[in-house]
Amino acid sequence: MIQLKTKEQIDGIRYSCKLLAECLYSLDDIITEGMSTLDIDKYCYDFIKKRGGIPSLLGYCGYPNTTCVSVNDTVIHGIPSKKEILKAGDIVSVDICFTVNGYVSDSTRTFEIGKVSDEVHKLNVVTHEALDLGIKAAGKKGARVQDIGQAVFRKCAIENGYGVVQDYTGHGVGLAVHEDPEVPNFVSKLMPNPRLKPGMVIAIEPMINMGTYRVKTLRDGWTVKTLDGKPACHWEHTVAITEEGAEVLTTL
Ligand code: MF3
Ligand code: CO
C-alpha cells in the first residue's frame with residue numbers, strides 16, 4: 001500500500017532530509033585517501049547523534065552500522081571496516097538513512113578519491129545524471145513509477161552500455177526505511193506501475209555497473225558486488241511528489 005503523506009509529514013521528512021544532505025555534502029571535505037570506511041561511518045554516526053537524530057540503518061534487519069560504504073566493485077551494502085583503507089583512484093558510495101522526529105530520509109553519493117580513471121569518472125557522472133533524469137521523469141504530470149526506470153535505463157544501458165542493477169530498486173520512504181512502491185531503474189511488465197501522486201515520497205537510486213548488470217552477495221549476507229569485478233556507482237535522493245512536480249528533499 002502506498003502511503004500518501006500529509007503536508008505536516010512532508011515538512012518532517014524535509015527536515016530529516018536536510019540534516020542528511022548536510023552530512024553527505026560535508027563528506028566532500030572529510031573523505032580522503034588513507035582513511036578507513038569505518039572512519040566515514042563514525043563521522044556520520046557522530047553527526048546525527050549530535051543533532052538529536054537516529055541512524056536508521058543501525059540495527060535495521062540486523063545491519064551493523066550507520067552507513068553502507070561501498071568501494072569500487074561493491075555496488076551497495078558495503079559494511080564499514082577499519083581494515084578497508086581508501087586509496088587514490090577508488091570510488092566510494094556512502095548510503096545513509098537518518099530518522100529525525102520519526103521521519104526517515106535516504107540518500108547516497110559516490111565520491112572519487114584523488115584522481116580516478118577517465119572511464120570510472122564517466123560512470124560516476126552518468127549515474128548522477130541518470131538520477132537527475134529519473135527525478136525529472138517523476139516530476140512530469142501523470143507520470144508513473146516506471147517512467148523513472150525508463151529514463152535511467154535509457155541513459156545508462158542504451159546510451160552508455162552500462163549494466164543497470166535489477167536485483168535492487170528504489171522505494172517509498174519517509175515513515176519507514178522501505179515503503180511501497182518499488183521504484184526500479186528499468187521497465188518491467190511484471191512489476192506494478194502505479195501513477196505518482198502528490199503526497200508520495202520516494203527514494204530514487206540508480207545502481208549502475210561499468211560491466212555486467214549481474215551482482216552477487218558475499219557470505220557476510222550484506223555486501224553486494226558486481227559479478228565481473230568491474231566498478232559500480234550509486235546515487236540516491238529522497239524526492240517528494242507535489243502538485244508542482246518532484247521536489248528533491250535531500251539537498252542543501
Ligand atoms: N539506504 C538503503 C536503501 O537505499 C537502505 C538499505 S541498507 C540496509 O535501500 F543494508 F540497511 F538494508
Ligand atoms: Co534507498
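Structure: see above.
First things first, this report covers the structure right here in the doc. Since this is a predicted model, take the numbers as computed values, not measurements.

### Considering the packing of aromatic side chains
Part 1: Tallied over the entire structure, the rule returns three aromatic pairs.
Part 2: Considering the side-chain rings of Tyr43 and Phe47, the 6.3 Å spacing of their centres and the 45° angle between planes classify their relative orientation as tilted. In this pair, Tyr43 and Phe47 both sit in helix H2 (residues 37-50), four residues apart, roughly one turn of the helix.
Part 3: Taking relative accessible area as the criterion, Tyr43 reaches 24% and is therefore assigned partly exposed.
Part 4: Aromatic side chains Phe47 and Phe98 sit 6.4 Å apart centroid to centroid with 10° between the ring planes, which places their arrangement in the stacked category. Of this pair, Phe47 sits in helix H2 while Phe98 sits in strand S4 (residues 91-100), and the two are 51 residues apart along the sequence. A single burial state applies to Phe47 and to Phe98, both of which are buried.
Part 5: Grouped by ring-pair contacts, the aromatic residues Tyr43, Phe47 and Phe98 constitute a single cluster.
Part 6: Here the basic side chain of Arg51 rests over the ring of Phe47, its NZ or CZ set 3.5 Å away from the ring centre.
Part 7: Taking the ring centre of Tyr25 as reference, the NZ or CZ of Arg109 above it sits at 4.0 Å.

### Re the packing of helix H1 (residues 7-26) against H2
Describing two packed helices takes the angle between their axes plus the distance from one axis to the other.
Part 1: Direction vectors running N to C along H1 and H2 enclose 145°, while the axes themselves pass 10 Å from each other. By crossing handedness, the relation of H1 to H2 is classed as right-handed. Packed against H1, whose contacting residues are Leu19, Glu22, Cys23 and Ser26, the element H2 presents Tyr43, Cys44, Phe47 and Ile48 at the interface.
Part 2: Across the contact of H1 with H2, the residue classes break down as six nonpolar, one polar and one charged.

### Considering the environment of Gly62
Part 1: Looking at where Gly62 falls in the secondary structure, it is placed in the loop between strand S1 (54-55) and strand S2 (67-71).
Part 2: Assessed through its relative accessible area of 54%, Gly62 is described here as exposed.

### Observations concerning the site of ligand 1
Part 1: The local shell around ligand 1 holds 13 residues, among which Asp95, Asp106, His178, Glu205 and Trp222 are the closest.
Part 2: Between ligand 1 and His178 there is a distance of 2.7 Å, counted from an oxygen atom to a side-chain nitrogen or oxygen.
Part 3: Residue classes in the shell around ligand 1 are distributed as six nonpolar, three polar and four charged.

### A look at the coordination of the cobalt ion (ligand 2)
Part 1: For the cobalt ion (ligand 2), the full set of protein donor atoms is Asp106 (OD), His171 (NE2), Glu205 (OE) and Glu236 (OE), and the range of their distances to it is 2.0 to 2.3 Å.
Part 2: Binding-site remark: the cobalt ion (ligand 2) is held by donors from one chain whose sequence spacing is D-x64-H-x33-E-x30-E. Of this pair, Asp106 sits in strand S5 (residues 103-112) while Glu236 sits in the loop between strand S13 (232-234) and strand S14 (237-242), and the two are 130 residues apart along the sequence. An identical accessibility class is assigned to Asp106 and Glu236; each is buried.

### Some words on the sheet that holds strand S3 (residues 74-76)
Part 1: Pairing within the open sheet is antiparallel, and its three strands lie in the order S3-S12-S11. One side of each edge strand has no neighbouring strand; the edge strands of this open sheet are S3 and strand S11 (215-217). Taking the axes of each pair of neighbouring strands and ignoring which way they run, one obtains an average angle of 40° across the sheet.
Part 2: In terms of strand pairing, S11 meets strand S12 (residues 224-226) through three bridges, oriented antiparallel. Each bridged residue has a counterpart across the sheet, and for Lys216 the counterpart in S12 is Lys225.

### Points about the state of the cysteines
Part 1: Evaluated as defined, the whole model comprises zero disulfides.
Part 2: Cysteine Cys68 remains unbridged, with the sulfur of Cys97 as its closest cysteine sulfur at 7.8 Å.
Part 3: Residue Cys68 is classed as buried on the basis of its relative accessible area of 5%.

### Describing the pairing of strand S15 (residues 245-248)
Part 1: Summarising the sheet, S14 and S15 pair through four bridges and their orientation is antiparallel. Among the inter-strand pairings, Thr242 is bridged to a residue of S15, identified as Gly245.
Part 2: Counting the residues between successive antiparallel strands, the hairpin from S14 to S15 contains two residues.

How each quantity is defined
Residues numbered from 1 in each chain as written. Chains lettered and ligands numbered in written order. Predicted model: local features only at pLDDT ≥ 70, side-chain atom pairs only at ≥ 80, totals over all residues. Heavy atoms only, no water. Phe/Tyr/Trp six-rings, centres within 6.5 Å; stacked < 30°, edge-to-face > 60°. Helix = DSSP H or I, 4+ residues; strand = E, 2+ residues; numbered from the N terminus. Buried < 20%, exposed > 50% of the residue type's maximum accessible area, 1.4 Å probe, protein only. Lys NZ or Arg CZ within 6 Å of the ring centre and 35° of its normal. Axes fitted to C-alpha atoms, helices over the stretch in contact; angles between N-to-C directions. Left-handed = near helix turned anticlockwise from the far one by under 90°. Contact = heavy atoms within 4.5 Å. Nonpolar A, V, L, I, M, F, W, Y, C, P; charged D, E, K, R; others polar. Near = heavy atom within 4 Å. Polar contact = N/O pair within 3.5 Å; in protein donor to acceptor, adjacent residues only side chain to side chain. Donors = N, O, S within 2.8 Å, 3.2 Å for Na, K, Ca; no water. Pairing = 2+ DSSP bridges. Disulfide = S-S within 2.5 Å.

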